[in-house]
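# Observations on the three-dimensional arrangement
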Amino acid sequence: MSHALGVSDTTRTTSPTDVRRGNFGPNDHPAWGHDRASEWLGVTITEYAPGYAKGHMPVREDMLNGFNIAHGGMVFALADSIFAWTCNSPDGDGSTITVAQGADINFVSSPQLGTILTATGHLRASTGRSGLYDITVIDDQGNLVAEFRGRSRTIPNPNR
């Protein structure tokens, strides 16, 4: 990134002491209300910190497409849920929220019924109110399922 253009690379790394570990549901984020979509998906969060999150989702029968594999929209939704946790610091004061400005996904493999997907998100860079995040989705055998890249924007919290 070029500093001459006014863009600063503030890539963060999360040390193990920063990470909160446990079994968190989609409604356990301290700065959020009820996340009905992630709850319906069955998303659980096992690790989070500012700029980092890891979560899981089982592939259920109602998530399969006509080819009897996980619907791409379900994989995208898992990655998007982890993107949200990665973008929104659990220690923030709630006056702002960080939302998706755009996202892309590349599918690499096709999960089957019963597969447990794991999505891990990392902040890549931020400048001002904009950020860039990568979310990697793997299956329970360690196979790459998808790579998601999200672009974020921090805005005033409309509920405050």
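Residues numbered from 1 in each chain as written. Predicted model: local features only at pLDDT ≥ 70, side-chain atom pairs only at ≥ 80, totals over all residues. Heavy atoms only, no water.

- As annotated in an unreviewed UniProt entry, the chain carries the name Hotdog fold thioesterase and comes from Enteractinococcus helveticum.

### Details of the overall build of the chain
- If you tally the helices and strands in the chain, you get two helices and seven strands.
- The N-to-C order of helical and strand elements in the chain reads β-α-β-β-α-β-β-β-β.
- Buried positions account for 39% of the 160 residues belonging to the chain.
- Carbon and sulfur atoms make up 51% of the accessible area of the chain, which totals about 8,500 Å². (Helix = DSSP H or I, 4+ residues; strand = E, 2+ residues; numbered from the N terminus. Buried < 20%, exposed > 50% of the residue type's maximum accessible area, 1.4 Å probe, protein only. Areas by Shrake-Rupley, 256 points an atom, 1.4 Å probe, with all protein chains shown as cover.)

### With respect to the pattern of salt bridges
- Per the counting criterion, the structure on display carries five salt bridges.
- Here E47 ties to R21 by a salt bridge, and the two come within 3.6 Å at their closest N and O atoms. Placement of E47 in strand 2 (residues 44-49) and of R21 in strand 1 (residues 20-24) is noted, with a sequence separation of 26 residues between them.
- Within this structure, R124, D134 and R149 form a network of salt bridges that share partners. (Salt bridge = Lys/Arg side-chain N within 4 Å of Asp/Glu carboxyl O.)

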